Amino acid sequence: MANRQSASDGDHHQPVDGRGRQVTLPWLPGARELLIELHAKGVPMALVSASPRDMIDAALAKVPDGIFDVVIAGDEMPRSKPAPDSYLLAAERLGAAADDCIVVEDSIYGTAAGRAAGAAVIAVPCMQDLDEHPGQLLIPTLAGLTVNDLARIWHELKEVADE
């Protein structure tokens, strides 16, 4: 099990993984607030990461307990992103069809995996530039985004996909 000690540094948190390595994971602006609102409204959520379980467990120490209903780590999957497997498994464990889900991603492989799974994808650049793709909305930040905005975005992306 991972060591859950961590230190906070403004909008970045520096969890320590199971090997005692400090890991810097930036919070996307607005991510915390959106997660808390989604959780408060009872929206099922999954954390899907290509990172190993010990790094995920360290990062989870910085979010309220139980905020994610499902957690999928990269080292638990036979194929990693950009394969859609992790998103398909997360949707299944949430009891949802992948095309009924929204994937919020900050990586090229993650956005590709979300699209391949059939989910609506919100791409938010963080450590790398992201391009526009069908079935994906590219936005600069999650700041100010609400549950109602997510519903609107899902409908807009699905309408375009159905055309």
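Residues numbered from 1 in each chain as written. Predicted model: local features only at pLDDT ≥ 70, side-chain atom pairs only at ≥ 80, totals over all residues. Heavy atoms only, no water.

Visitor: Just to check I follow, could you spell out the overall build of the protein for this structure?
Guide: Across its full length, the protein holds 5 helices and 8 strands. Secondary structure elements of the protein, listed N to C terminal, follow the sequence β-β-β-α-β-α-β-α-β-α-β-β-α. When the 163 residues of the protein are sorted by exposure, 42% land in the buried category. Sequence separation of 24 or more characterises 45% of the internal contacts of the protein that already satisfy a separation of 6 or more. Total accessible area on the protein stands at roughly 8900 Å², and carbon and sulfur atoms take up 51% of it. (Helix = DSSP H or I, 4+ residues; strand = E, 2+ residues; numbered from the N terminus. Buried < 20%, exposed > 50% of the residue type's maximum accessible area, 1.4 Å probe, protein only. Contact = heavy atoms within 4.5 Å. Areas by Shrake-Rupley, 256 points an atom, 1.4 Å probe, with all protein chains shown as cover.)

Visitor: How should I be thinking about the nonpolar core in this particular structure?
Guide: Within soluble globular proteins, side chains that are nonpolar generally end up buried alongside one another. Formed by 25 residues in total, the largest nonpolar core has its most connected members in Phe68, Leu142 and Leu145. Broken down by secondary-structure element, the contributors of at least two residues to this core are helix 1 (31-40), helix 2 (53-60), strand 7 (120-123) and helix 5 (147-162). Broken down by element, this core gets its largest block of residues, 5 residues, from helix 5. Discounting chain neighbours no more than four positions away, the residues touching phenylalanine 68 are Leu35, Met45, Ala46, Leu47, Leu60 and Val63. Membership of the second largest hydrophobic core comes to 14 residues, among which are Tyr87, Ala90, Ala98 and Val121. (Core = buried A, V, L, I, M, F, W, Y, C linked by side-chain atoms within 4.5 Å.)

Visitor: Would you mind showing me how to read unusual backbone geometry here?
Guide: Here the bond from lysine 81 into proline 82 is cis, since omega is 20 degrees, no more than 30 degrees from zero. Along the chain, proline 82 falls in the loop between strand 5 (70-72) and helix 3 (85-94).

Visitor: Whenever I open this one, the pairing of strand 6 (residues 102-105) confuses me. Can you help?
Guide: A regular strand places its side chains on the two faces of the sheet in alternate fashion. Of the two faces of strand 6, only the one carrying Val103 and Glu105 is buried; Ile102 and Val104 on the other face are not. In this sheet, strand 7 lies alongside strand 6 in parallel orientation, the contact comprising 4 bridges. Residue pairing across strands places glutamate 105 opposite alanine 123, the latter belonging to strand 7. You can see the chain leave strand 6, run along helix 4 (residues 108-117) and come back into strand 7, and the turn it takes is right-handed. (Pairing = 2+ DSSP bridges. Right-handed = clockwise from strand over helix to strand, strands pointing away.)

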